[in-house]
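Understanding the architecture of this molecule
Chain by chain, the residues run as shown.
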Amino acid sequence: MATTAGEPPASWRIAGWVVEPATGRMTRDGEAISLEPKVMEVLVHLSRHPGQVVSREELEASVWRGRVVGYDAVTNAIIKLRRAFGDDARHPRVIETLSRKGYRLVAAVEPLPAAGDRPPARPAAARWPGGLRRPHLLLVLALLALSLSLATAWWVWPPQGPERRMAGADATPLAVLPFENLSADPDQDYFSNGITEDLITELSRIPGLAVIARGSAFAYRDADSLEQVRRELGVRYILRGSVRREGERVRISARLTDAASTRVLWAERYDAKLEDSLGLQASIANRIAEVLQVRFAADPPGMVRRYGASLEAYDHFLRGLDHYGRRSPDDLALAQAYYERAIALDPAFARAYANLGLVYLRQVIDGWDAPSQLALEQAQALARQARMLDDSLAEVYFVGAFVALFNHDHEGALHELDHALVLRPSYADAHALLAWVLNFAGRPEQAGPALERAVRLNPRMPSAYLLVQAETDYVLGRYDRAISLLEQALEMNPVHPRTHLLLIALYEQVERPVDAQWMVEQLLLLHPRVSLSRLPGAFPFKNQQHLEQLLDGLRKAGLPG
């Protein structure tokens, strides 16, 4: 008999599998599958609400309990559950995805109160790394997370007030919160989100401002108070607003507030026809620069031209921005389609070319089962085209730096990043990439300050930043800290192969072969095509000894050649 919403028993059966949260495993006919703690917690939460739609936000709040996680954390947990159950996303028997709503456990939950009803499991396959049982593992992970949070806070921010901590000596710290969609149609959220991200991009070009990155700013869409935003992001000024799009008209309201005093320093409303609205973000950015008495590094010609000449092309561009910001595989595919459509409508739309190049870069970074060299070449071609149309776009040089790095041109990558950060000083991801390039170039001791700047601009650190720091620690021989960082990154993004690979090598380095072998099993479950022969290009070390050390650890752990 299926259970209803509430607390499930100690174990239960779903689709023929016995779920045992206490041991972190599922068993069937003598076979056992170990689930990572967060993946099991997602299954437990869904099992408490069988047949009900559970939103992504609810899962994040319940399973990660206020922790900062990447957008893919829930998606990746669902992917792992489907693979464990042998479920099909298109024809689900166990877990159904409802677009923009959440997930639903469609399989029956059958309670198994008697321990004797459980089929025996093969002990070797059911162990957690290091032989830990799940309650002990959760305690260890909790202590690791606490110590890592304290260590990271001290490393990133020395003890001082939040504004000084964020801004440094010269820059004025500012956050742009997501503009509210006041249109009658909630499907217009992409338009207000795109306007907001465009504003962040424009303002981050001003050297006198330290503008919080999208990933951190958008987390405060429903912030309780400006004081909370000021305290947690360490900013002095906050820009908020709303967007109303109705028919052929758009109205944008914006107000700039001193977060310390809650005094509104500037407010304005822009009411225009849609075709006249291109480039309003540039006008707002100029007014804020005037109010705060800061200036752009340069006033490039054709500022409005960067937004394209076609309203329809710009609309597709904003849709692409919105989907790209979510970073899930499905959203990246949609972002690519929207950028391509924007280019087809306006072949001179430089920003669309640059942003499409960023999509292909994500395929290089995340798409380990795809031909990454082809994606890299496509990104390079798009960046080259965008640069011909408008050489004032920082994203163009960001793409160029990434391409140069993976072509083992470390100095060329550094040169490209110099250009990107002159044009857009608050480009958080460019600062993080600078740290990554410096580490691969054999200058890991210089990577720390660059990553520190990235974290100041994006304080709700994505897992990618943890990965950059961990790779630097690996090169510097700080293995224990690298492992702690990677284990936290794995919790935030459970399917990223790079995290698994580095953990495998590090576990071997510190003589934890059981953990290394278990991690190899998890990696090959998610990415069966990963092999030693595919890795040299993914780790472009200038010093080949670092690469050989990494490959040696992976080889010892049993990663296929």
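It is worth spelling out the overall build of the protein at this point. Of the regular secondary structure elements, the protein holds 23 helices and 14 strands. By residue count, 56% of the 561 residues in the protein fall in the buried class. Contacts spanning at least 24 positions in sequence make up 65% of the contacts within the protein whose residues lie at least 6 apart. Accessible surface, the protein as shown: approximately 23400 Å² in total, 51% of it carbon and sulfur.

Glancing now at the nonpolar core. Nonpolar side chains in soluble globular proteins tend to be buried together. Counting residues in hydrophobic clusters, the biggest one holds 146 residues, and the most contacted among them are Leu-203 and Leu-239. Sorting elements by how many residues they give to this core places helix α15 (residues 394-406) first, with 11 residues. Setting aside residues no more than four positions away along its own chain, Leu-239 makes contact with Ala-175, Val-176, Leu-177, Phe-179, Leu-199, Leu-203, Ala-254, Arg-255, Leu-256, Trp-266 and Ile-288.

The subject of this paragraph is the environment of Gln-517. With respect to the helices, strands and loops of the structure, Gln-517 is situated in helix α22 (residues 513-526). When the C-alpha atoms of Gln-517 and Ile-504 are compared, they prove to be 7.4 Å apart, with 13 residues separating the residues in sequence.

Moving on, we come to the environment of Arg-56. Within the fold, Arg-56 resides in helix α2 (residues 56-64). For Arg-56, a relative accessible area of 14% corresponds to the buried category. Along the chain, Arg-56 and Gly-102 lie 46 residues apart, while their C-alpha atoms are 5.4 Å from each other. Here Tyr-103 takes part through its side chain, which lies 3.3 Å from a polar atom of the side chain of Arg-56.

Take the pattern of salt bridges next. Under the definition given, this model contains 32 salt bridges. Notably, a salt bridge pairs Asp-473 with Arg-478, separated by 2.8 Å at the nearest N-O pair. On the basis of relative accessible area, Asp-473 is assigned to the buried category, the value being 0%. Arg-478 gets classed as partly exposed once you look at its relative accessible area, which sits at 38%. Residues participating in the shared-partner salt-bridge network are Glu-227, Arg-230, Arg-231 and Glu-232.

What follows concerns the pairing of strand β7 (residues 102-105). Along any regular strand, the residues point their side chains to alternate faces of the sheet. Pairing between strand β5 (residues 53-54) and β7: 2 bridges, direction antiparallel. By the bridge assignment, Val-54 is partnered in β7 with Tyr-103. Relative to β7, strand β6 (residues 95-98) runs antiparallel, the two being bridged by 4 bridges. Residue pairing for β7: Leu-98 is matched across the bridge by Gly-102.

Moving on: the side chain of Arg-205. Along the chain, Arg-205 falls in the loop between α7 (189-203) and β11 (209-211). Of note is the side chain of Arg-205, whose polar atom sits 3.1 Å from the side chain of Glu-202.

With that settled, consider the packing of helix α19 (residues 463-476) against helix α20 (residues 479-492). At a minimum axis distance of 8 Å, the contact between α19 and α20 shows a crossing angle of 160°. Between α19 and α20, the crossing angle belongs to the class labelled roughly antiparallel. In the packing of α19 onto α20, the handedness of the crossing is left-handed. Residues Ser-463, Leu-466, Leu-467, Gln-469, Ala-470, Asp-473 and Tyr-474 of α19 form the contact with α20, whose participating residues are Tyr-479, Arg-481, Ala-482, Leu-485, Leu-486, Gln-488, Ala-489 and Met-492. Class assignment of the residues belonging to the contact of α19 with α20 gives a composition of 10 nonpolar, 3 polar and 2 charged.

Further remarks concern the sheet that holds β6. Strands in a sheet are paired, the pairing made by backbone hydrogen bonds, and the direction either parallel or antiparallel. Read from one edge to the other, the open sheet built from 3 strands follows the order β5-β7-β6, with strand pairing classed as antiparallel. The strands lining the two open edges of the sheet, one partner per strand, are β5 and β6. Taken strand by strand, helix α1 (residues 37-47) contacts β5, β6 and β7, and its axis lies near 70° from that of β7.

It is worth spelling out the packing of aromatic side chains at this point. Taken as a whole, this structure holds 12 aromatic pairs when the rule is applied. Consider the rings of Phe-440 and Phe-541, whose centres lie 4.9 Å apart with planes at 65°: the pair is edge-to-face. Of the two residues, Phe-440 is situated in helix α17 (residues 428-440) and Phe-541 in the loop between α22 and α23 (544-556); the sequence distance between them amounts to 101 residues. On the numbers, 6.1 Å between centres and 50° between planes, the contact of Tyr-474 with Tyr-479 is tilted. The exposure class of Tyr-479 is partly exposed, given its relative accessible area of 21%. Through a chain of ring-to-ring contacts, the aromatic side chains of Phe-402, Phe-406, Trp-436, Phe-440, Phe-539 and Phe-541 assemble into a single cluster. Across from the ring centre of Phe-191, 4.7 Å away, lies the NZ or CZ of Arg-245, which sits over that ring.

Taken together, 5 strands build an open sheet; the order of strands is β4-β3-β2-β1-β8 and the sheet is antiparallel. A strand with exactly one partner marks an edge of an open sheet, and here the two such strands are β4 (31-34) and β8 (110-111). Across 3 bridges, the pairing between strand β1 (residues 12-14) and strand β2 (residues 17-20) is antiparallel. Paired with Trp-12 across the two strands is Val-19, which belongs to β2.

We now examine the confidence of the model for the protein. Summarising the model, the protein shows a mean pLDDT of 83, and 83% of its residues fall at 70 or more. Across the protein, α17 holds the top mean pLDDT of 97, while helix α6 (residues 162-167) sits lowest at 34. Residue range residues 1-5 is modelled with pLDDT below 50. Its contacts to residues more than four positions away, or to other chains, number 15 contacts. This model gives residues 116-169 a pLDDT under 50, and the stretch forms 99 contacts once residues within four places in sequence are excluded.

Further remarks concern the environment of Gly-412. By secondary structure assignment, the location of Gly-412 is in helix α16 (residues 410-423). Sequence-wise, Gly-412 and Ala-401 are 11 residues apart; in three dimensions their C-alpha atoms are separated by 6.9 Å.

Before going further, it helps to examine helix α12 (residues 329-345). Think of an α-helix as turning once every 3.6 residues; residues three or four places apart then point the same way. Here α12 spans 25 Å end to end across 17 residues, near enough to the 24 Å set by a 1.5 Å rise per residue. Those residues of α12 that fall on the buried side of the exposure criterion are Asp-331, Leu-332, Ala-335, Gln-336, Tyr-339, Ala-342 and Ile-343. End-on view of α12: buried residues confined to an arc of 145°, all on one side of the axis. Of the exposed residues in α12, those oriented more than 90 degrees away from the buried face are Asp-330 and Ala-344. As for α12, its buried residues are in contact with α11 (311-326) and α13 (350-366).

Turning to the pairing of strand β12 (residues 237-246), a few remarks are in order. Sheet topology places strand β9 (residues 172-176) next to β12; 3 bridges connect them, and they run parallel. Residue pairing in the sheet places Val-176 in a bridge with Leu-239 of β12. Bridging between β12 and strand β13 (residues 249-258) involves 10 bridges; their strand directions are antiparallel. From the neighbouring strand, Ser-242 faces β13, where its bridge partner is Ser-253. Where β12 folds back onto β13 in an antiparallel hairpin, the turn is made up of 2 residues, including Gly-247, whose phi is positive at roughly 60°.

Reading guide: rules and limits
- Residues numbered from 1 in each chain as written.
- Predicted model: local features only at pLDDT ≥ 70, side-chain atom pairs only at ≥ 80, totals over all residues.
- Heavy atoms only, no water.
- Helix = DSSP H or I, 4+ residues; strand = E, 2+ residues; numbered from the N terminus.
- Buried < 20%, exposed > 50% of the residue type's maximum accessible area, 1.4 Å probe, protein only.
- Contact = heavy atoms within 4.5 Å.
- Areas by Shrake-Rupley, 256 points an atom, 1.4 Å probe, with all protein chains shown as cover.
- Core = buried A, V, L, I, M, F, W, Y, C linked by side-chain atoms within 4.5 Å.
- Polar contact = N/O pair within 3.5 Å; in protein donor to acceptor, adjacent residues only side chain to side chain.
- Salt bridge = Lys/Arg side-chain N within 4 Å of Asp/Glu carboxyl O.
- Pairing = 2+ DSSP bridges.
- Axes fitted to C-alpha atoms, helices over the stretch in contact; angles between N-to-C directions.
- Parallel < 35°, antiparallel > 145°, perpendicular 65-115°, else oblique.
- Left-handed = near helix turned anticlockwise from the far one by under 90°.
- Nonpolar A, V, L, I, M, F, W, Y, C, P; charged D, E, K, R; others polar.
- Phe/Tyr/Trp six-rings, centres within 6.5 Å; stacked < 30°, edge-to-face > 60°.
- Lys NZ or Arg CZ within 6 Å of the ring centre and 35° of its normal.
- pLDDT = per-residue confidence, 0-100.
- Expected span 1.5 Å × (residues − 1).
- Arc of directions from axis to C-beta.

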